[in-house]
Structures are given as structure tokens and as C-alpha cells.
Amino acid sequence: EKGGYDYFMLKEIAEQPKAVADTLLGRIDAGGSLTLDELRISAAELREVDKVVIVACGTAFHAGLIAKYAIEHWTRIPCEVELASEFRYRDPILGARSLVIAISQSGETMDTLMALRHAREQGSKVLAICNTNGSTIPRESDAVLYTHAGPEVAVASTKAFLTQLVACYLVALYLGQVRGTKWGDEIGAVIRDLSHISGEVERVLETMEPVRELARSLADKNTVLFLGRHVGYPVALEGALKLKELAYMHAEGFAAGELKHGPIALIEPDLPVVVVVPSPRGRSVLHDKIVSNIQEIRARGARTIVIAEEGDEAVVPYADHLVRIPATPTLLQPLVATVPLQVFACELATARGNEVDQPRNLAKSVTVE
Ligand code: F6R
């Protein structure tokens, strides 16, 4: 049942191109429009939405953080993202025009379920993004968009995360479509790129051997830091979470701009720091800023592991290890940038002799609050 792989996690990482393609299947028509008829919230209701609130836990929360960038940029609707376990305890401001999106692979996470119940009590519509047919969260929601990752067995979420991102992009684009947001060339290009993205994920998977080798060489380290900006920031958080849960190492993700406000004090000789670099073509200001961050940490002795787009030459002089990812539109980069971090964590955990599919103290679905 592991399909020739040693671990379910390896199998599920390898299944990501298919999971992404399956989640897009039938949802983008030949003309490049989105058809999400399965969404049981009417176009009229979606036009009324004045705020989007995303609730989720763990890896699904990281998908939500990325979704915020896409929703606000493509639809101009304000979007908040909150840990489901915090949400209902702070008396959040919700109403009939708030659209609450609950993201959950299992559909059984108690924190997320309680958050969505709270939202419905306030009269808000809840849309579930879920991977498990007929599970509790979609059953209790007003609408559901299923991710088609297939069953995820390994405790650490991988393919579910990529498909959650795809579902979030689809919802964001659909909201823009039904609301008639003025779409320039950018959106058309994004939809085109999204429909080819599973091939790009496949290409990343084909080039992972050096990442595995690097991970094995770091097996005796205690700490790894992750830096990113814009959508690369949640990717950094996800990379750190994977390493904590699988390798039992101290791993932390930071927004690279925060480095100078504290975390730079952690930099010491030979500390591995993974940096997710935004495209030099998109928000080039951010790209240049992150290149100076890499310079700064390297000057303090950090071992820099740089994840950067193909053709980005500016990072080359400062990268101790360079991991190339295909060029994508800025907002889609997490779909390719996360993959090396999953492989990295999985391989490091194996090198440390840990049980990859069943990390200590963790359960696949967390049905207690
Ligand atoms: C991390 C991981 C967890 C889950 C979280 C939410 O690899 O698996 O952080 O993402 O417990 O679970 P779901 O998505 O089932 O609600």
C-alpha cells in the first residue's frame, strides 16, 4: 500500500503533482473561467461578502495565511486568518456578510469545528475546504470545496497542503469572477499558470537528490531557521513546522523583514538558515531586500540554504546551498517552494532515525480541543 516507497510520507510527497491536477480538474473551463457550481453559496450571496475570515490549525493554517495574500490581491475583500483554537475565545466580529472559510484535511479537527460552529451562530456563511468526503466539518458547513488529494496517511501533511492552496486560489479567483473584479492580464496569466502548475511540481520533485544529501549532512544540528517574505513567509513557517514534527529539532520561521528586530541575534557560525526567495520578476523590491538579508546572515557565519527561482543570479554569491525552483507568478510560488522543505524534513528525520509516518506525540486527526 506504500506503493514501493519506504514511508507513506514519501509516497504522498510524490503524489503531489497528481493531487494538484485532480483538485483543478473540471474547475477551470477551456475559456479560462472557473466553474465552481458545487459551491452551494449563490453568486448573489458571494457578491455581498464584505469580509473573509479563514480559520484552521497547523499546516492548514499556513495554507490560510497564503490564501489571504491571494484573496486580498485578487478580490480586494479584506481577509483575516486566525488559528481556529484562538478564534471563538476572543469574541470575533462576524455578521451575515462575513464569509468564513474553514480549512481542514481530516474534516474532524475539533478546534476548527468549534470555530465554524461559532461563526454560524453569528449568522456567517461557512465554506469548508476539506479533503475527507462526508466528514464533520463539511457536513456542518454551508458549502464545501473538496480537495482531491486522496487519502493522506502520514501524520505530517504534504499533498493535502498543496491541494488546500489550490482550493484557496480557486475560491479567491472565483470570488473575483462573480464579483466582476476588474481583472487585468495578470489574472488570465495566473489561471493559465495554475493549469500547468502540476508539471512544475513534478519538475521540482525530479531535482531533490541534492536536498536529501544536504538534509543528511545536517542530521546532528540542533536548530534550523527559515526565512521568507510575502507568501514565502508562511512557506517558511510550514518548513519549520515540518522539521519540528518530523525531526524533533528546534526550527523557527521568521518574516525576513523581522530579522533585524530580534532574530538576527540567533545567527551564529554554521547555523543552517533556509531562505525562501521571492521572484525577482514580481515584487522585485522584496527580492532585493531578501538578498541583503542573505548577505547579512552569511556575514555572521550562517550556512545559507537558498530556495530561488531558476535564472535568479543575484543570490548565487551568497548561497552555500542553492535549490532551484521553476519560475511562477508570485502568489503561486508556495506550490513549488514548499516541496523542497517537505523533502528536507522527511530526509532529516530519517537520518536521525525517527519514525517518519508516525512522529512521537502526534495524531493524524486531533478530535479534542
Ligand atoms: C502538520 C499537520 C497538522 C495539521 C493540523 C490540522 O503536518 O498535519 O498541523 O495540519 O492538525 O489538521 P486538519 O487539516 O485535518 O484540520
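Residues numbered from 1 in each chain as written. Predicted model: local features only at pLDDT ≥ 70, side-chain atom pairs only at ≥ 80, totals over all residues. Heavy atoms only, no water.

Naming follows an unreviewed UniProt entry, where the protein chain appears as Glutamine--fructose-6-phosphate aminotransferase [isomerizing] of Streptomyces longisporus. The record in UniProt for the protein chain states the following under Catalytic activity (unreviewed entry): "D-fructose 6-phosphate + L-glutamine = D-glucosamine 6-phosphate + L-glutamate". The UniProt entry for the protein chain carries this comment under Subunit (unreviewed entry): "Homodimer." (UniProt positions renumbered as here; feature names shortened; annotations may be inferred.)

**Student:** What am I meant to see in the packing of helix α11 (residues 232-247) against helix α13 (residues 334-351) here?
**Tutor:** Think of two packed helices as two axes; the pair is described by the angle between the axes and how far apart they sit. Running from N to C, α11 and α13 point in directions that differ by 20 degrees, and their axes come no closer than 9 Å. One element, α11, and the other, α13, form an angle in the roughly parallel class. In the packing of α11 onto α13, the handedness of the crossing is right-handed. Contacts between α11 and α13 involve V235, E238, G239, K242, L243, L246 and A247 from the first element and P334, A337, T338, L341, F344, A345, C346, L348 and A349 from the second. Of the residues that constitute the contact of α11 with α13, the class distribution is 12 nonpolar, two polar and two charged. (Axes fitted to C-alpha atoms, helices over the stretch in contact; angles between N-to-C directions. Helix = DSSP H or I, 4+ residues; strand = E, 2+ residues; numbered from the N terminus. Parallel < 35°, antiparallel > 145°, perpendicular 65-115°, else oblique. Left-handed = near helix turned anticlockwise from the far one by under 90°. Contact = heavy atoms within 4.5 Å. Nonpolar A, V, L, I, M, F, W, Y, C, P; charged D, E, K, R; others polar.)

**Student:** Help me understand the site of the ligand in this model?
**Tutor:** Taken together, 13 residues are adjacent to the ligand, and S104, Q105, S106, T109 and E245 come closest. In this structure, an oxygen atom belonging to the ligand sits 2.5 Å away from a side-chain N or O atom of T109. The greatest single-element share of the shell around the ligand, amounting to three residues, is contributed by helix α4 (residues 58-75). (Near = heavy atom within 4 Å. Polar contact = N/O pair within 3.5 Å; in protein donor to acceptor, adjacent residues only side chain to side chain.)

**Student:** I tried to follow the nonpolar core on my own but got confused; where do I start?
**Tutor:** Looking at soluble globular proteins, one finds that nonpolar side chains tend to be buried together. One finds W74, I101, F226, L243 and F344 to be the most contacted residues of the largest nonpolar core, which totals 95 residues. Counting residues per element, this core draws most heavily on helix α8 (residues 159-179), at 14 residues. If we ignore the near neighbours within four places in the chain, the residues touching F344 are V211, L214, A215, L218, V224, F226, L243 and I305. Grouped together as the second largest cluster of nonpolar side chains are 19 residues, L271, V277, I290 and A302 included. (Core = buried A, V, L, I, M, F, W, Y, C linked by side-chain atoms within 4.5 Å. Buried < 20%, exposed > 50% of the residue type's maximum accessible area, 1.4 Å probe, protein only.)

**Student:** Would you take a moment to explain the packing of aromatic side chains for this structure?
**Tutor:** Given two aromatic rings, their pairing is described by the distance between the two centres and the angle made by the two planes. Using the criterion set out here, one finds one aromatic pair in the structure. Taking 6.0 Å as the distance between ring centres and 55 degrees as the angle between the ring planes, the aromatic pair formed by W74 and Y169 counts as tilted. Of the two residues, W74 is situated in helix α4 and Y169 in helix α8; the sequence distance between them amounts to 95 residues. Of the residues examined, Y169 reaches a relative accessible area of 1% and is grouped as buried. Its end group placed over the ring of Y248, R360 keeps NZ or CZ at 3.9 Å from the ring centre. (Phe/Tyr/Trp six-rings, centres within 6.5 Å; stacked < 30°, edge-to-face > 60°. Lys NZ or Arg CZ within 6 Å of the ring centre and 35° of its normal.)

**Student:** I'm lost on the confidence of the model for the protein chain in this one. Help?
**Tutor:** Any residue range with low pLDDT should be treated as having predicted coordinates unsuitable for detailed reading. Chain-level pLDDT for the protein chain is 94 on average; 99% of the residues reach the 70-or-more range. Model confidence for the complex: the whole-complex pTM is 0.97, and ipTM, which rates the interface, is 0.97. (pLDDT = per-residue confidence, 0-100.)

**Student:** I tried to follow the pairing of strand β7 (residues 250-255) on my own but got confused; where do I start?
**Tutor:** Two faces make up the sheet, and in a regular strand the side chains alternate between them. Relative to β7, strand β6 (residues 223-228) is paired through six bridges, and the arrangement is parallel. Across the sheet, L225 pairs through a bridge with E252, a residue of β7. Between β6 and its parallel partner β7, the chain crosses via α11, and the hand of that crossover is right-handed. (Pairing = 2+ DSSP bridges. Right-handed = clockwise from strand over helix to strand, strands pointing away.)

**Student:** Help me out: how do you make sense of helix α10 (residues 209-217) in this one?
**Tutor:** In an α-helix, one turn spans 3.6 residues, which is why side chains three or four residues apart end up on the same side. For α10, the set of buried residues is V211, L214 and A215. Buried residues of α10, viewed axially, fall in a sector of 100 degrees; they line one side. Of the exposed residues in α10, the ones pointing more than 90 degrees away from its buried face are P210 and E213. Looking at the buried positions of α10, the neighbouring elements they touch are β9 (303-309), β10 (321-325) and α13. (Arc of directions from axis to C-beta.)

**Student:** Explain α11 to me, please; I cannot follow it from the model alone.
**Tutor:** Along its 16 residues, α11 runs 22 Å from first to last C-alpha, staying within 8% of the 22 Å computed at 1.5 Å per residue. The buried count for α11 comes to 13 of 16 residues, which makes it a mostly enclosed element. With its phi angle positive at about 55 degrees, Y248 sits one or two positions after the end of α11. (Expected span 1.5 Å × (residues − 1).)

**Student:** Explain the sheet that holds β6 here, please?
**Tutor:** In sheet architecture, strand pairing relies on hydrogen bonds along the backbone and comes in two forms, parallel and antiparallel. Strand order in this open sheet of five strands is β7-β6-β8-β9-β10, and the pairing throughout is parallel. This sheet does not close on itself; its edge strands, each paired only once, are β7 and β10. Here the strands of the sheet are splayed against their neighbours by 20 degrees on average, with no regard to which way each runs.

**Student:** What exactly am I supposed to notice about the pattern of salt bridges here?
**Tutor:** Side chains bearing opposite charge may pair, as long as their charged atoms lie close to each other. Applying the stated rule across the entire model yields 26 salt bridges. Where K242 meets E238, a salt bridge forms, and the shortest distance between an N and an O atom there is 2.6 Å. Residue K242 and its partner E238 are both found in helix α11; the two are separated by four residues, about one turn of the helix. Neither residue differs from the other here; K242 and E238 are each classed as buried. Each of K51, E80, E82 and R90 takes part in one network of salt bridges that share partners. (Salt bridge = Lys/Arg side-chain N within 4 Å of Asp/Glu carboxyl O.)

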